[in-house]
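Spelled out from the first residue to the last, the chains are:
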Amino acid sequence: MPLPFLNDVTVVVVTRDSAHCLKGLDPLLSQCGRVIISDNASADGTADQAAALWPHAQILRHEKNLGFGTANNRALERVGTPWAFLLNPDCSMTAEQLRELLVVSGQWPQASVIAPQLVGLDGTLEVNYRWPRTDWAALGPEAQGPLCVGFVCGAAMLLRLERFDGIGFFDERFFLYHEDDDLCLRLFQARRPLIVVPSVRAVHLSRG
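Rules and cut-offs
- Here the residue numbers are simple positions, counted from 1 along each chain's written sequence.
- Given that the model is predicted, a residue must reach a pLDDT of at least 70 before its local features are reported, and side-chain atom pairs must reach 80 or more before they are shown or counted; all residues, however, enter totals for whole chains, interfaces and linings.
- With hydrogens and water stripped out, all remaining heavy atoms of the structure feed into the side-chain values.
- Only residues above 30% relative accessible area that lack a salt bridge enter a patch, with like-charged residues linked at up to 9 Å and the nonpolar side chains Val, Leu, Ile, Met, Phe, Trp and Tyr linked at up to 5 Å.
- For every accessible area listed, the method is Shrake-Rupley and the probe measures 1.4 Å; residues are considered covered only by the protein chains on display.
- By salt bridge we mean one thing: a side-chain nitrogen of Lys or Arg within 4 Å of a carboxyl oxygen of Asp or Glu.
- Only protein chains enter the area calculation, which uses a 1.4 Å probe; residues under 20% of their type maximum are buried, those over 50% are exposed, and those in between are partly exposed.
- Here a strand is any run of E in DSSP of at least two residues, a helix any run of H or I of at least four, and the numbering for each starts at the N terminus.
- Residues adjacent in sequence count toward polar contacts only when both atoms are side-chain atoms; beyond that, a polar contact is any pair of N or O atoms within 3.5 Å, and within protein one must be able to donate a hydrogen and the other to accept it.
- Throughout, a contact is declared for two residues whenever any of their heavy atoms are within 4.5 Å.
- Only buried residues count toward a nonpolar core. Its members are Ala, Val, Leu, Ile, Met, Phe, Trp, Tyr and Cys residues joined through side-chain atoms within 4.5 Å.

For the rest of this paragraph, the subject is a nonpolar patch on the surface. Together, Phe175, Leu176 and Tyr177 make up a nonpolar patch on the protein surface, roughly 310 Å² of accessible area in all. Residue classification places tyrosine 177 among the partly exposed residues on the basis of a relative accessible area of 44%.

This brings us to the side chain of aspartate 171. One can find aspartate 171 in the loop between strand E10 (156-160) and helix H5 (179-189). Judged by relative accessible area, which is 18%, aspartate 171 ranks as buried. Side-chain polar atoms of aspartate 171 contact the side chain of arginine 173, separated by 2.7 Å. Residues within four places of aspartate 171 in sequence aside, it is in contact with Asp182 and Arg186.

This brings us to the nonpolar core. Leu28, Leu29, Phe85, Leu98 and Leu158 are the most contacted members of the largest nonpolar core, which totals 37 residues. In terms of residues, this core owes the most to one element, helix H4 (residues 95-107), which gives 5 residues. If you look at the next biggest cluster of nonpolar residues, it comprises 29 residues, including Val14, Ala84, Tyr129 and Phe151.

Applying the stated criterion to the full structure yields 7 salt bridges. A salt bridge links glutamate 172 to arginine 74, with the nearest nitrogen and oxygen atoms 2.8 Å apart. Taken as a pair, glutamate 172 in the loop between E10 and H5 and arginine 74 in helix H3 (residues 68-76) lie far apart in primary sequence, 98 residues in all. With relative accessibility at 38%, the residue glutamate 172 sits in the partly exposed group. By relative accessible area, which is 26% here, arginine 74 ends up partly exposed. Put simply, arginine 186 and aspartate 182 hold a salt bridge, and the shortest N to O gap is 3.0 Å. In this pair, arginine 186 and aspartate 182 both sit in helix H5, 4 residues apart, roughly one turn of the helix. Here arginine 186 falls in the partly exposed class, since its relative accessible area comes to 23%. Relative accessible area serves as the criterion here: at 19%, aspartate 182 is assigned to the buried category.

Just distances and angles here, no functional claims.
Encoded structure:
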């Protein structure tokens with residue numbers, strides 16, 4: 001049964017030949033009542049397997065590989081909740097961890113994006129947040145508590161959708177990679193804060 005505190009968020013997962021990742025997504029997606037799988041013409045049965053695992057999910061079956069940003073945009077066009085949580089298929093989180101991100105989002109109503117700390121399977125911290133490279137060089141994952149940053153990795157992002165008015169989502173001229181840099185830079189320049197929450201750790205298999 002979906003947990004009631006997740007009623008205001010839609011989880012969006014863009015897939016491309018991601019059938020081997022679906023089991024890792026189940027602890028979260030099975031607990032979320034609103035899920036959109038935006039499938040980029042997978043040839044390994046991803047869309048069918050996702051539909052069988054999560055009958056409550058919307059499955060967008062694209063006829064060709066649209067790219068990461070465009071496939072996310074097609075899903076975001078269908079979101080009717082105040083928040084959307086973008087999650088890569090090679091990331092895993094629990095419903096309780098998503099709830100923690102929502103709690104932080106409620107504490108910071110001006111924030112546009114709330115993101116977890118990404119870690120590898122062995123717990124190694126990834127540098128998934130920083131200031132824009134034009135302003136400051138990343139020195140490593142040092143955050144001790146929630147703080148504003150200039151960039152968060154697009155692998156796991158909680159979006160407060162009202163804060164994207166006038167900004168838009170991903171620039172569809174980017175097929176794959178750096179579309180998250182572009183989006184975060186636009187939000188940063190518009191002074192719509194991005195916050196990382198280091199106590200919430202999402203396992204990221206990074207191209208796994």
